[in-house]
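# Topology and contacts: notes
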Amino acid sequence: FLSDVYPILYQIPSYARYLHEMGNREAIEWQRTILRLLQHGREPKRWLLKSPSHLPHLPTLLETFPGMQVIFTHRDPVASADSIVSVMGTLYWLRTDHPWGTGSIESASLSMSEERARQWDGPIELVESGRLGPGDFANFHYAQFLSDPAAAIRAVYRDLSMEFDPEVERKMLDYLAAKPQGKFGRHDYAAAPGHAIERERAAYRKYERFFDVARER
C-alpha cells in the first residue's frame, strides 16, 4: 500500500509522512518482479518506464535495476509549476469547493516549488559523485525539442550510446507532423504573479544552473 498517487490526489499529509518513513523499496522490488513476469518467455527488450515520482527514488531504482539508464526531462520549472498547480487544482475541485484548504493557490505553488527543487538535489549528487556517469544518463530539454525535435532526440541516443536508426527518426518526425502542438486544444492557465516567480526562481537556481535549463519567461 505504497504509492505517490494518494498524497497528490487526496492531500493526505499523514499518508505522505508514512510514505516518506517507509520508503519505496518494497514497491520498486515488486515492480521488478512484475516486469520479469511480463517479459517471461519473450525476447529480452529494453523497458522504458516514465514517472515523475521516480526522481526521489533514483538510488533505490539504481540498486534494483542494475545497468539502468536515466533520461532527465527538463523544462523551465516555473512554467511547468504553473501547469502542475492548475492540473492539481482541477483534481482537488472534484471533491471540494476549497481545493487549497485554508491557504491560497499562491502559497500552494510556492510550497510545491520548494519541494520540487529539493527533489533535484539527489540526482545532482548522483552525477557529481560519479554514480551516474557518462553513458548512464541523458538530458532531454523541452526548449530544444520545440525548436529541433530530431536534434533533441538524437542527443539522448548519443548520450546513452544508442544507435538512432534513420527509420525510427523518420517515424518520430512523421508522428510529430501529424500531431502538432495544440492539435487537440490548449491547456490555458494563469501564470504566477511576479513576486511569486522571484521566490520560485530562487528555489530552482541550483537546478537551473546545473542542468542549464532555458527559461520561458
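In what follows, the accompanying structure is described.

So, about the pairing of strand β1 (residues 70-74). Burial along β1 is one-sided: the face carrying V70, F72 and H74 is buried and the face carrying I71 and T73 is not. The pairing of β1 with strand β2 (residues 137-141) spans 5 bridges and is classified as parallel. Directly across from V70, in β2, lies its bridge partner F137.

Attention now moves to the environment of E163. Topologically, E163 is positioned in the loop between α9 (149-159) and α10 (166-178). By relative accessible area, E163 is classed as exposed at 67%. Expressed as a C-alpha distance, the spacing of E163 and E26, which sit 137 residues apart in the sequence, is 34 Å.

Next up on the list: the side chain of H57. Mapped onto the secondary structure, H57 falls in the loop between α3 (25-39) and α4 (58-64). Take H57: its relative accessible area is 17%, and that puts it in the buried class. If we skip the residues at most four places from it in the chain, H57 touches D4, N24 and I28.

Core analysis: the biggest nonpolar cluster contains 25 residues, and L58, F72, L132 and F211 have the highest contact counts within it. At the level of elements, α3, α4, β1, α5 (77-93), α7 (121-129) and α11 (194-211) are the ones that each hand at least two residues to this core. A total of 5 residues in this core trace back to one element, the largest contributor, which is α11. When residues no more than four places from it in sequence are discounted, the contact partners of L58 are M68, V70, F72, P123 and L126. Residues A138, F140, V156 and L160 belong to the second largest nonpolar core, which totals 8 residues.

Next up on the list: the pattern of salt bridges. This model, assessed by the stated rule, comprises 12 salt bridges. Across the salt bridge formed by K206 and D121, the nearest N and O atoms sit 3.6 Å from each other. Note that K206 is positioned in helix α11 and D121 in helix α7, a separation of 85 residues in sequence. The shortest N-O distance in the salt bridge between R170 and D174 comes to 2.7 Å. With R170 and D174 both in helix α10, this residue pair falls 4 residues apart, about one helical turn. A relative accessible area of 39% places R170 in the partly exposed class.

Cut-offs used in this document
- Residues numbered from 1 in each chain as written.
- Predicted model: local features only at pLDDT ≥ 70, side-chain atom pairs only at ≥ 80, totals over all residues.
- Heavy atoms only, no water.
- Buried < 20%, exposed > 50% of the residue type's maximum accessible area, 1.4 Å probe, protein only.
- Helix = DSSP H or I, 4+ residues; strand = E, 2+ residues; numbered from the N terminus.
- Pairing = 2+ DSSP bridges.
- Contact = heavy atoms within 4.5 Å.
- Core = buried A, V, L, I, M, F, W, Y, C linked by side-chain atoms within 4.5 Å.
- Salt bridge = Lys/Arg side-chain N within 4 Å of Asp/Glu carboxyl O.

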